[in-house]
Amino acid sequence: MEKSKVLIVGGTGYLGKRLVKASLANGNKTYILRRPEIGVDIEKVEMLISFKMQGAHLVTASFNDHRSLVDAVKLVDVVICAISGVHIRSHHILLQLKLVDAIKEAGNIKRFLPSESGTDPARMENSMEPGRVTFDDKMVVRKAIEETHIPYTYISANCFAGYFLGGLYQIGHILPSTDSVVLLGNGNQKAICVDEDDIATYTIKSIDDPRTLNKTLYIRPPKNILSQREVVHIWEKLIGKELKKSTLSKEEFLAPMKELEYAEQVGMCHYYHVCYEGCLVNFEIGEEGEEASKLYPEVNYTTAQDYMKRYV
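- For the chain, the name recorded in an unreviewed UniProt entry is Bifunctional pinoresinol-lariciresinol reductase 2-like, with Nicotiana tabacum as its organism.

Here it is, written out as structure tokens:
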């Protein structure tokens, strides 16, 4: 079967650059949307040029220019959007409505993968303010996709390992301490961490798979379904030292939230649902979804233990 031609929107971002590499490695003809607004951001320009030298095609288009988006979409079979939905960086989820309009007009797209990747927004209707804005906006995009009858795959990749494993599940930390750790609640609530390169690999594998058409792909590597205490234990074994532990109740965790900047409040809400409520693991995958490591057992995913060796 001939592999789909892929357009990646947000190809210089944290996950986007990995999607480009995975698409090229998989042998897909890969297009990267280059926005004219890039200006003098030399790092992004150099990354785009480097991808071009590896075989990717750059296509100039802008969210401010509907015709350019339609023309870009017409070049490919699959559109993957990886624009940021994280408030500490930038939150542009609703911009994708312009992409939905372009895909609808182009009429040739076999699959659209909107920017999601984290917690499944369909399961977060009871999430707290202001963190729920992320999930609400993603559901607005989903509604537009489904009402327009665009074929889709949604990716629920749970927690990016760099943020969660690197910080031992502590918000605001991305490097593990060799001295102490604050346990959130009792530290026994399970979460799921996935290597960002593995997220990209599973995502690209899904785009031509009929089993993932109009479904959610949940990325749940079995060895990476771990509580904070389990992650801390892995780290302690790697460094040969026990960390000093303290605990933070949910009331203590939430108490300072109103004093924080809006973006930080959003992030805290997400951590709360993951680390205090276990929102990533408190459900079974139903007929609406598939689990990536079961569909693609040939992927030798990075375990949490192997991922954390980089910090020693």
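Read on for the rest.
1. Describing the overall build of the chain
- Scanning the chain from terminus to terminus reveals 12 helices and 15 strands.
- In terms of C-alpha radius of gyration, the chain reaches 20 Å, essentially the compact-globule figure of 20 Å for 312 residues.
- Taken over the C-alpha atoms alone, the chain extends approximately 55 × 45 × 40 Å along its principal axes.
- Looking at the chain as a whole, 52% of its 312 residues qualify as buried.

2. A word on the sheet that holds strand S2 (residues 30-34)
- Taken together, the 5 strands give an open sheet; going across it, the order is S3-S2-S1-S4-S7, and neighbouring strands pair in parallel fashion. At either end of the open sheet lies a strand with only one pairing partner, and these are strand S3 (57-60) and strand S7 (111-113). Recorded for the sheet is a direction-independent mean angle of 20° between the axes of neighbouring strands.
- Both strand S1 (residues 6-9) and S2 contribute to a ladder of 3 bridges, which runs parallel. Each residue of the ladder has a partner; that of Leu7, found in S2, is Tyr31.
- Strand contacts of helix H1 (residues 16-25): S1, S2 and strand S4 (78-81), with the helix running at about 165° to S1, the strand carrying the most contacts.

3. Topic: the nonpolar core
- Of all hydrophobic cores here, the largest spans 66 residues; its most connected members are Ile80, Leu165 and Tyr169.
- Ranked by residues supplied to this core, first place goes to helix H10 (residues 262-275) with 6 residues.
- When near neighbours in sequence (up to four residues on either side) are disregarded, Ile80 contacts Val6, Leu7, Ile8, Val9, Leu19, Leu113, Thr203, Ile204 and Ile207.
- Counting 29 residues, the second-largest nonpolar core is a separate cluster that includes Leu7, Val9, Ala72 and Ile93.

4. Considering the pattern of salt bridges
- Scanning the entire structure with this criterion turns up 17 salt bridges.
- Ionic pairing is found between Glu230 and Lys190, a salt bridge with its closest N-O pair at 2.9 Å. Here Glu230 is found in helix H8 (residues 228-239), whereas its partner Lys190 is found in strand S11 (residues 190-194), with 40 residues between them in sequence.
- The network of salt bridges with shared partners includes Glu116, Asp120, Arg123, Arg142 and Glu288.

5. Some thoughts on the sheet that holds strand S8 (residues 153-156)
- Spatial strand order, S8-S12-S15: 3 strands in an open sheet with parallel pairing. Edge strands, defined here as strands with exactly one partner in the open sheet, are S8 and strand S15 (289-291). Between one strand axis and the next, the sheet turns through 25° on average, direction left out of account.
- The sheet contact formed by S8 and strand S12 (residues 215-218) spans 4 bridges and is parallel. The partner of Tyr154 across the bridge, within S12, is Thr216.

6. Some thoughts on the packing of helix H3 (residues 66-73) against helix H4 (residues 96-106)
- Interhelical geometry of H3 versus H4 gives an angle of 60° and a closest axis separation of 8 Å. Accordingly, the angle class assigned to the pair H3 and H4 is oblique. As for how H3 packs across H4, the hand of that crossing is right-handed. For the pair H3 and H4, contact is made by His66, Arg67, Leu69, Val70 and Val73 and by Lys98, Leu99, Asp101, Ala102, Ile103, Glu105 and Ala106, respectively.
- Tallied by class, the residues present in the contact of H3 with H4 amount to 7 nonpolar, 1 polar and 4 charged.

7. Things to note about the packing of H1 against helix H7 (residues 196-206)
- Close contact between H1 and H7 brings their axes to 8 Å; oriented N to C, the two are set at 50°. By the criterion of interaxial angle, the relationship of H1 to H7 is oblique. For the pair H1 and H7, the crossing hand works out as right-handed. Residues Arg18, Leu19, Ala22 and Ser23 of H1 pack against Glu196, Asp197, Ala200, Thr201, Thr203 and Ile204 of H7.

8. Description of unusual backbone geometry
- The linkage connecting Glu129 with the following residue, Pro130, adopts the cis geometry, with an omega of -5°.
- By the element assignment, Pro130 lies in the loop between S7 and helix H5 (132-147).
- Here Ser117, not a glycine, exhibits a phi torsion of approximately 70°, which is positive.
- Topologically, Ser117 is positioned in the loop between S7 and H5.
- Here Ser117 falls in the buried class, since its relative accessible area comes to 12%.
- Its identity as a non-glycine residue notwithstanding, Asn214 has a phi of 60°, on the positive side.

Definitions and cut-offs
- Residues numbered from 1 in each chain as written.
- Predicted model: local features only at pLDDT ≥ 70, side-chain atom pairs only at ≥ 80, totals over all residues.
- Heavy atoms only, no water.
- Helix = DSSP H or I, 4+ residues; strand = E, 2+ residues; numbered from the N terminus.
- Rg over C-alpha atoms; globule rule 2.2 N^0.38 Å.
- Buried < 20%, exposed > 50% of the residue type's maximum accessible area, 1.4 Å probe, protein only.
- Pairing = 2+ DSSP bridges.
- Axes fitted to C-alpha atoms, helices over the stretch in contact; angles between N-to-C directions.
- Contact = heavy atoms within 4.5 Å.
- Core = buried A, V, L, I, M, F, W, Y, C linked by side-chain atoms within 4.5 Å.
- Salt bridge = Lys/Arg side-chain N within 4 Å of Asp/Glu carboxyl O.
- Parallel < 35°, antiparallel > 145°, perpendicular 65-115°, else oblique.
- Left-handed = near helix turned anticlockwise from the far one by under 90°.
- Nonpolar A, V, L, I, M, F, W, Y, C, P; charged D, E, K, R; others polar.

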